[in-house]
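The chain contents come next:
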Amino acid sequence: MTFARRPLQRLVGDASPRTLWLLAILLALLLVAPAILGKYWLSVLILALYFAYVGQAWNILMGFAGQLSLGHALYAGLGGYIAAGLFFHYGIGPWAGVFAAVATAVLAGAIVGYLGFRFSLAGVYFALLTIAFSEFTRLAFDHWEWAGGAGGLFLKVDGGTDIVNLRGGPLLFYYVILALAAFAFILCRALLESRLGRYWLAIREDAEAAQAVGVPVLRCKMIAIVISAALTALAGVWNAFYYNNLFPETAFAVGRSIEITLAPIIGGLGTLFGPSSAPSCWRDWARPSPTSARRSASPASSRSSMAWRCW
Amino acid sequence: MITIIPVTPFLAGEYTLLAFVIVIVGGLGSMTGALMGGLLIGVSEAVAGLLLQPSLKSMFSFGLLILVLLLRPQGLFGKSSS
C-alpha cells in the first residue's frame, strides 16, 4: 500500500504525455469555464461535475472492488444531514462539520460493509442489503425532529458570499466541486496503482481465488466501502449546501442511489475516465421549463430543473 | 390486492424490498422460512403500526432484517452453509 520512492512517477504510470497534456488542457478549460459560460451552462456543468465526483466515489466500490451498492444515497444523505444539521442548530460551519459528516458516513459504511461482507453476501443480495439500510435511514430521518423530520431541513439563504460557512453563489460551488472531482480522480488513480488497488481487482474478478492466494478479502472490501462512503459523504455535504434544502424522501431515495450509479455504468465500470466523462453526455441538455414535471427518461431532468429554479 | 389497498405504479420498490426482507429473515431457499418470515414481518409491522406510528412500521421490518443478519445470518429457517 505504500508508494514507491517517486510517488508522482508511480501516479503517472504508463500514461502517455499526450494524455497528460489533454488532462491539463481539460483542467485549464474547466478552471476558466465560468468566465465564458452563462449562468445556465454553469449550472449544468456543476451538476455534471457533481455526478462525475459521486460516480468516481461509487466506482471505487463497484468498479474496483466489485461490490454492487445501490444504497449510496445513504452516505450522501447522512453526510448532508449531519453537516447541515450542525450548521443549522449550532452554527458549526461545514468545513468543520464535514469531519462529523464523513465520520458518520464511514461508520454507516463500516456497519453495512461488515454485515454484508462478513458472510460474503455478494451481488444482488448485497445490493438489496444496501437498499434496505438506506430505506431504514430514510424512515428514521422522517421521524427525527432534530433533522427536521419529513418537513425537511432548510438552510438560510441571505445572498452573501461567505466562504467560511460555504455560503455563496454557484461560482463558489463550482470551484469546490471541481476541486473535489479532480481530487477524486487523482485519488482513484493512486488507489488503482497501489497494492490495495490490485487486491481489489483480484477480488472483483474472483473473490475465492483472491482469498486462496492470500489477499485479505474482508479487510480490502471494508477499506473500499469506507473510502467510497467517505467520498460520497463529501458530495452529500456539498449537495446540501448547494441546494439549501434536505428532505428524507429525496436525500435517501432509491432513485438518488440509482443516479449515482448511472455515470460509472455508462462511462465504463472500473475505469477512471468513465465516471468523469459520462455525466456530460447523458445530461438532459434541454432548458427545462418551470412547469416541467417530466421524470421519465432521465432522472436528472428533474434535478436540472431544480437547479434552474435556484437561480 | 386492489380490493384492500390502493394500487399505484410506484408500489414496485416497496414490495420488492418487503419480499427481500421476508426471504432473508426466513432464510434463503427455505419455503417454510419464507412463509414464517412473511407471517412474522406482516404481524410485527401491523403491531408496530398500532403501538408506534403507522409510518414507522417499515422501519421495524428493516430493523428486524438487520437484527437477523447480526444474530443469525442464514435466516431463521435457513441452513448454515459453512
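Reference entry: report on the structure contained in this document.

Thresholds applied
- Residues numbered from 1 in each chain as written.
- Chains lettered and ligands numbered in written order.
- Predicted model: local features only at pLDDT ≥ 70, side-chain atom pairs only at ≥ 80, totals over all residues.
- Heavy atoms only, no water.
- Helix = DSSP H or I, 4+ residues; strand = E, 2+ residues; numbered from the N terminus.
- Buried < 20%, exposed > 50% of the residue type's maximum accessible area, 1.4 Å probe, protein only.
- Contact = heavy atoms within 4.5 Å.
- Areas by Shrake-Rupley, 256 points an atom, 1.4 Å probe, with all protein chains shown as cover.
- Core = buried A, V, L, I, M, F, W, Y, C linked by side-chain atoms within 4.5 Å.
- Polar contact = N/O pair within 3.5 Å; in protein donor to acceptor, adjacent residues only side chain to side chain.
- Patch = residues over 30% accessible without salt bridge, like charges linked within 9 Å, V, L, I, M, F, W, Y side chains within 5 Å.
- Salt bridge = Lys/Arg side-chain N within 4 Å of Asp/Glu carboxyl O.
- Buried area = accessible area lost by both parts, 1.4 Å probe.
- Nonpolar A, V, L, I, M, F, W, Y, C, P; charged D, E, K, R; others polar.
- Axes fitted to C-alpha atoms, helices over the stretch in contact; angles between N-to-C directions.
- Parallel < 35°, antiparallel > 145°, perpendicular 65-115°, else oblique.

### Re the overall build of chain B
Okay, step 1: A count of helices and strands for chain B gives three helices and zero strands.
Okay, step 2: Reading chain B from its N terminus to its C terminus gives the helix and strand order α-α-α.
Okay, step 3: Projected onto its principal axes, the C-alpha coordinates of chain B cover approximately 45 × 25 × 20 Å.
Okay, step 4: Each of the 82 residues in chain B was classed as buried or not, and the buried ones make up 33%.
Okay, step 5: Nonlocal contacts in chain B, meaning residues at least 24 apart in sequence, comprise 54% of its contacts between residues at least 6 apart.
Okay, step 6: Accessible surface computed for chain B: about 5200 Å², of which carbon and sulfur atoms make up 74%.

### Looking at the nonpolar core
Residue and element names in this part refer to chain A.
Okay, step 1: Residues Tyr53, Trp200, Trp238 and Phe241 are the most contacted members of the largest nonpolar core, which totals 102 residues.
Okay, step 2: The biggest single contributor to this core is helix α10 (residues 217-243), with 16 residues.
Okay, step 3: Excluding residues that lie within four positions of it along the chain, Tyr53 makes contacts with Ile177, Leu180, Ala181, Ala184, Leu231, Leu234 and Ala235.

### A word on the environment of A:Tyr81
Residue and element names in this part refer to chain A.
Okay, step 1: Structurally, Tyr81 can be placed in helix α4 (residues 73-90).
Okay, step 2: Residue classification places Tyr81 among the buried positions, given a relative accessible area of 1%.
Okay, step 3: Look past the residues within four positions of Tyr81 in its chain and what remains in contact with it is Phe141, Trp146, Ala147, Gly149, Leu153, Leu246, Phe247, Pro248, Ala251 and Phe252.

### Structural notes on the side chain of A:Arg167
All names here are of chain A.
Okay, step 1: With respect to the helices and strands, the residue Arg167 is situated in the loop between β1 (153-154) and α7 (170-193).
Okay, step 2: Judged by its relative accessible area of 7%, Arg167 is buried.
Okay, step 3: Within the structure, the side chain of Arg167 is placed 2.9 Å from the backbone oxygen of Lys156, a separation counted as a polar contact.
Okay, step 4: A distance of 2.9 Å separates the side chain of Arg167 from the backbone oxygen of Phe241, its partner in a polar contact.

### A closer look at unusual backbone geometry
Most peptide bonds adopt trans geometry, and most residues besides glycine take a negative phi value.
Okay, step 1: Even without being a glycine, A:Asn244 presents a positive backbone phi close to 65 degrees.
Okay, step 2: Within the element layout of this structure, A:Asn244 appears in the loop between α10 and β2 (245-246).

### Digging into a nonpolar patch on the surface
Residues and elements named next belong to chain A.
Okay, step 1: Taken together, Trp21, Leu22, Ile25, Leu27, Leu29, Leu31, Val32, Ile36, Leu37, Trp41, Leu171 and Tyr175 make up a surface patch of nonpolar side chains, about 1200 Å² in accessible area.
Okay, step 2: Elements supplying a minimum of two residues to the nonpolar patch: α2 (17-36) and α7.
Okay, step 3: Residue contributions to the nonpolar patch peak at eight residues, all from α2.
Okay, step 4: Among the secondary structure elements, Leu171 is positioned in helix α7.

### Here we look at the interface of chain B and chain A
In many reports, interface size means the accessible area that the parts give up when they come together.
Okay, step 1: Counting residues at the interface gives 16 residues for chain B and 15 residues for chain A.
Okay, step 2: Buried area between chain B and chain A, summed over both chains or domains, comes out near 1500 Å², and the portion from carbon and sulfur atoms is 87%.
Okay, step 3: Of all residues in chain B, the largest losses of buried area upon contact with chain A belong to B:Phe20, B:Met59 and B:Leu69, amounting jointly to 35% of the total for that side.
Okay, step 4: Linking chain B with chain A are zero salt bridges.
Okay, step 5: Counting every contact that joins chain B to chain A gives one residue pair in polar contact (both at pLDDT 80 or more).
Okay, step 6: A per-element tally of the side of chain B that touches chain A places helix α3 (residues 57-71) of chain B first, with eight residues.
Okay, step 7: Along the lines of polarity and charge, the residues of the side of chain B that touches chain A split into twelve nonpolar, four polar and no charged.

### Here's the deal with the pattern of salt bridges
Okay, step 1: Within this structure, the stated rule accounts for six salt bridges over all chains.
Okay, step 2: Ionic pairing is found between A:Arg204 and A:Glu205, a salt bridge with its closest N-O pair at 3.0 Å.
Okay, step 3: On the basis of relative accessible area, A:Arg204 is assigned to the partly exposed category, the value being 33%.
Okay, step 4: Relative accessible area serves as the criterion here: at 57%, A:Glu205 is assigned to the exposed category.
Okay, step 5: With a shortest N-O distance of 3.7 Å, B:Lys57 and B:Glu45 are connected by a salt bridge.

### Points about the packing of helix α3 (residues 39-64) of chain A against helix α8 (residues 195-205) of chain A
Residues and elements named next belong to chain A.
Okay, step 1: One way to put it is that α3 packs onto α8 with a least axis distance of 8 Å and a crossing angle of 55 degrees. Comparing the axis directions of α3 and α8 gives the class oblique. Mapping the contact onto sequence places Ile60, Met62, Gly63 and Phe64 in α3 and Trp200, Leu201 and Arg204 in α8.
Okay, step 2: Looking at the contact of α3 with α8 residue by residue, the class counts come to five nonpolar, one polar and one charged.

Everything listed here is a matter of geometry and, on its own, says nothing about what the molecule does.
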